[in-house]
Amino acid sequence: MRSGTDVAEGSVEISRRRLLERMQRRDPVAGHDVVARSLARCGITHVYGVPGRPIDATLAACLRADIRVIGARQQQGAALMSVAHNYVAGGLRSAVIVSAGPAVANTATGVLVAHDNRWPLLVIGARRGTDTGGAGAFQGFDGAAFLAPITKSASLAAETEGLADCVVDACLATMDGAPGPVYVDIAEEALSGRTRRLPASWAAGAPVAPRAPACEAGADAIHEAARALRASRRPVLLIGKGLRWSGDWAWLRQLVEQHVVVFAAAPMARGFLPDDHPMCVSDVRGQALAEADLVLMVGARFNWTFHYGIEVSPTARIIRIDVDPDESRDVLGRGIGLRGDAAATARRLLDALGPRSATPRGASRDVDWLGRLQAMRRAGDDAIRTQAAIRVEPMSPYQWLGEVREVLPASAITVLDGNVVMAAAQRMLPARAPIGRITAASNGCMGTGIPFAIGAKLACPGRPVVAICGDFGFGLSGIELETAVRHEVPITAIVANNSGPGGSTRQREFFAAHADEPVARYTSGIRHDLIAAALGARGVRVQSPGELGPALRAALAAPSTTCIDVVTHGDVPLLPVI
């Protein structure tokens, strides 16, 4: 005899099947709507794109599915907006839809940024005329083959039937394991076609979500790491931007404060713990790592951001926590690899560490070393403040960033896009809140400032967003200010107008012998504020000390997009920045 539970479950199954049958008896659904509804079921709230055939109808279908569609000025900008949106949102909440051929190729920079930074991104492109019998279609282009080397997966959906599953699978793939970009080429015939064969899951109406990450490290490895950390005299915690995907950071403070561990953060990981925390050694990281006897890496990689690990003492043990198996392996025979979600793994490590040592400051820690690092940090802060206090006209980046520092709210998201100005901003502007700093990150892409700011603001409307751009970076994507104006996305852009990529320094150092060719020196007198005004934004020009602070306050209070052009001294050192 069947139990009551079996009967109830059977009734649910029958009801679900009947609902699906009714759905299938209705008018067939167009491929455009299949794409839109599938994205909505996967939690997509925004789509970025540039209208064009054959995806005009797809973007319209997204609007019908209550997905906000942001029409960018260029496909690269659309991809960069979506990348930043997903990073700030903490998962795949936006996607990119573009038309065919060159439109797909134009997304490649954004896809590469997502690939190198391990950020989730879904790009959907159209493939024109796959049924031409080999005659060659207008804008015929194999986008999947083109983007395959820099995506987690790249596929072709050739038919309307099965299109829903293809889109859902692509969404899930972006967050499976280490996040990354996924590309789907959809044939024009699949978009324009119709189908009654819809996924059975549509009848249930339940949202589709990726599986929750967990700690996959074994108990022996966890306890070995705990013993090593407990015995360490000079441990350093390296925090990377990969920590973003855990969504739980309370354990960081517990680890740092209860177990007396100094920390250094990658640029985009600053703010998970505030820069003014007494255990922060980000500005003296090299010295800390050179003298460390143990380095705990969480969501961080030994790429150029951390100088490929050459700063680390050759005798230090290394513990690496990462969801990616390639980043959670033993290091040169002297490490411990812990694979899994950063938060889940760190909490198991904390459990294994147990309560802090009986002595207030931790029995095993080198107190003299801690004091020396803190003294070096204070000296560095004093040197930066001294440099910012030097009065010159035009102002140096350090000089006017001092005014930004005084005005910028603690909750602000600052987007840094440049070389000279980014180097100065990294030192001058503290990060006090999680997800408060966005940079070009792992691959140093420039021109990201304005698109990143738009995506960040749409993902988190309640926080002020300020993009600080060099004039080179602004020139690459400044046209997207019009996108912000048109879609009423109130961001603030500050442009360091120093007349070239690196000011006058690069022209002098590399092209002085050919002074008649201004390769790296822009035309004098360019007015970025007037360019912004022509695009519909508020334009403000700052030339003298004391003007930027009030201008930034007014911009942050305004309900519209503002661009502040700051006349900046061009004679500055060219320094690599991370």
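Quantities reported herein were computed from a predicted structural model and do not represent experimental measurements. (Residues numbered from 1 in each chain as written. Predicted model: local features only at pLDDT ≥ 70, side-chain atom pairs only at ≥ 80, totals over all residues. Heavy atoms only, no water.)

(A) Summary view of the overall build of the protein chain. Across its full length, the protein chain carries 23 helices and 19 strands. The proportion of buried residues among the 578 residues of the protein chain is 55%. Across the protein chain, every contact between residues at least 6 apart in sequence was considered, and the portion connecting residues at least 24 apart equals 75%. Surface exposure of the protein chain reaches about 23,500 Å², of which carbon and sulfur atoms provide 53%. (Helix = DSSP H or I, 4+ residues; strand = E, 2+ residues; numbered from the N terminus. Buried < 20%, exposed > 50% of the residue type's maximum accessible area, 1.4 Å probe, protein only. Contact = heavy atoms within 4.5 Å. Areas by Shrake-Rupley, 256 points an atom, 1.4 Å probe, with all protein chains shown as cover.)

(B) Quick look at the environment of tyrosine 522. Mapping tyrosine 522 onto the fold places it in the loop between α21 (505–511) and α22 (528–534). Ignoring anything within four residues of it in the chain, the contact list for tyrosine 522 reads Asp471, Phe472, Ser499, Gly500 and Pro501.

(C) Broad picture of the side chain of aspartate 341. Relative to the helices and strands, aspartate 341 resides in the loop between β13 (335–339) and α14 (342–353). Buried and unpaired, aspartate 341 has arginine 347 as its nearest opposite-charge partner, separated by 8.4 Å. Within the structure, the side chain of aspartate 341 is placed 3.0 Å from the side chain of serine 246, a separation counted as a polar contact. Non-local contacts of aspartate 341, meaning those with residues more than four positions away in its chain, are made with Pro213, Ala214, Cys215, Trp245, Ser246 and Ile321. (Lys, Arg positive; Asp, Glu negative; His and termini not counted. Salt bridge = Lys/Arg side-chain N within 4 Å of Asp/Glu carboxyl O. Polar contact = N/O pair within 3.5 Å; in protein donor to acceptor, adjacent residues only side chain to side chain.)

(D) Inspection of the pattern of salt bridges at higher detail. All chains considered together, the criterion is met by 19 salt bridges. Here glutamate 224 makes a salt bridge to arginine 317, at a shortest N to O gap of 3.2 Å. Residue glutamate 224 is located in helix α11 (residues 219–231), and its partner arginine 317 is located in strand β12 (residues 317–322); the two are separated by 93 residues in the primary sequence. Overall, the relative accessible area of 31% leaves glutamate 224 in the partly exposed class. Between arginine 486 and glutamate 482 there is a salt bridge, with its nearest N and O atoms 2.9 Å apart. With arginine 486 and glutamate 482 both in helix α20 (residues 481–486) and four residues apart, this pair spans about one turn of that helix. Each of Arg73, Glu482 and Arg486 takes part in one network of salt bridges that share partners.

(E) Up close: the packing of α11 against α14. Packing of α11 against α14 leaves a shortest axis separation of 9 Å and a crossing angle of 60 degrees. The element α11 and its partner α14 pack so that their crossing is right-handed. On α14, the residues touching Ala219, Ile222, His223, Ala225, Ala226, Leu229 and Arg230 of α11 are Thr345, Arg348, Leu349, Ala352 and Leu353. Of the residues contributing to the contact of α11 with α14, the split by class is eight nonpolar, two polar and two charged. (Axes fitted to C-alpha atoms, helices over the stretch in contact; angles between N-to-C directions. Left-handed = near helix turned anticlockwise from the far one by under 90°. Nonpolar A, V, L, I, M, F, W, Y, C, P; charged D, E, K, R; others polar.)

(F) Region of interest: the sheet that holds strand β4 (residues 94–98). Judged by pairing direction, the sheet is parallel, and its six strands sit side by side in the order β3-β2-β4-β5-β7-β6 without closing on themselves. At either margin of the open sheet sits one strand with a lone partner, and together these are β3 (68–71) and β6 (153–157). In this sheet, neighbouring strand axes are inclined to one another by 20 degrees on average, regardless of whether the strands run parallel or antiparallel. Examined bridge by bridge, strand β2 (residues 46–49) and β4 share four bridges and lie parallel to one another. Residue pairing in the sheet places histidine 46 in a bridge with serine 94 of β4. (Pairing = 2+ DSSP bridges.)

(G) View of the pairing of strand β10 (residues 262–265). Burial of β10 is two-sided: the residues Val262 and Ala264 facing one way and the residues Phe263 and Ala265 facing the other way are all buried. Where strand β9 (residues 235–239) meets β10, four bridges bridge the pair, whose relative direction is parallel. Counterpart to isoleucine 239 in the pairing with β10 is alanine 265. With helix α12 (residues 250–258) bridging β9 and the parallel β10, this β-α-β connection has right-handed handedness. (Right-handed = clockwise from strand over helix to strand, strands pointing away.)

(H) Layout of the nonpolar core. Within the largest apolar cluster, 151 residues are counted, with the highest numbers of intra-cluster contacts made by Leu39, Leu122 and Leu237. Among all residues touching leucine 39, those that are not within four sequence positions of it are Ile44, Val47, Cys62, Ile67, Ala95, Ile97, Leu122, Ile124, Val167 and Cys171. (Core = buried A, V, L, I, M, F, W, Y, C linked by side-chain atoms within 4.5 Å.)

(I) Inspection of unusual backbone geometry at higher detail. Each neighbour pair has its own omega, and for arginine 53 with proline 54 the value is 5 degrees, a cis peptide bond. Positive phi is not limited to glycine here, since aspartate 66 has a value of about 65 degrees. Looking at the element boundaries, aspartate 66 is found in the loop between α3 (56–64) and β3. Residue classification places aspartate 66 among the exposed positions, given a relative accessible area of 73%.

(J) Helix α23 (residues 548–557), seen in detail. Every buried residue of α23 is listed here: Leu548, Gly549, Ala551, Leu552 and Ala555. Buried residues along α23 cover an arc of 160 degrees about the axis, so they all sit on one side. Each element contacted by the buried residues of α23 is listed here: α16 (397–407), β16 (465–470), β17 (492–497), β18 (538–542) and β19 (562–567). (Arc of directions from axis to C-beta.)

(K) Representation of the sheet that holds strand β11 (residues 294–298). Strand order in this open sheet of five strands is β10-β9-β11-β12-β13, and the pairing throughout is parallel. Each edge of the open sheet carries a strand with a single partner, namely β10 and β13. Looking at each pair of strands side by side, their axes are set apart by 15 degrees on average, direction ignored. Alignment of β11 against β12, held across five bridges, turns out to be parallel. Bridge pairing links leucine 294 to arginine 317 in β12. On the sheet, α11 packs against β9, β11, β12 and β13 and is oriented at approximately 130 degrees with respect to β13.

(L) Main features of the pairing of β3. Sheet topology note: the β2/β3 ladder contains four bridges and is parallel. If you follow tyrosine 48 over to β3, its bridge partner there is isoleucine 70.

(M) Examining the environment of glycine 91 more closely. Residue placement: glycine 91 occurs in the loop between α4 (75–89) and β4. On the basis of relative accessibility, which here comes to 4%, the residue glycine 91 falls in the buried class. Separated by 83 residues in sequence, glycine 91 and threonine 174 place their C-alpha atoms 8.9 Å apart. Filtering out sequence-adjacent residues up to four positions away, glycine 91 remains in contact with Asn86, Pro120, Met175 and Trp245.

(N) Expanded view of the packing of α16 against α23. Direction vectors running N to C along α16 and α23 enclose 45 degrees, while the axes themselves pass 8 Å from each other. The angle between α16 and α23 places the two elements in the oblique class. Crossing hand, α16 versus α23: right-handed. Here Trp400, Glu403, Val404 and Val407 of α16 come into contact with α23, specifically with Leu548, Gly549, Leu552, Arg553 and Leu556. (Parallel < 35°, antiparallel > 145°, perpendicular 65-115°, else oblique.)

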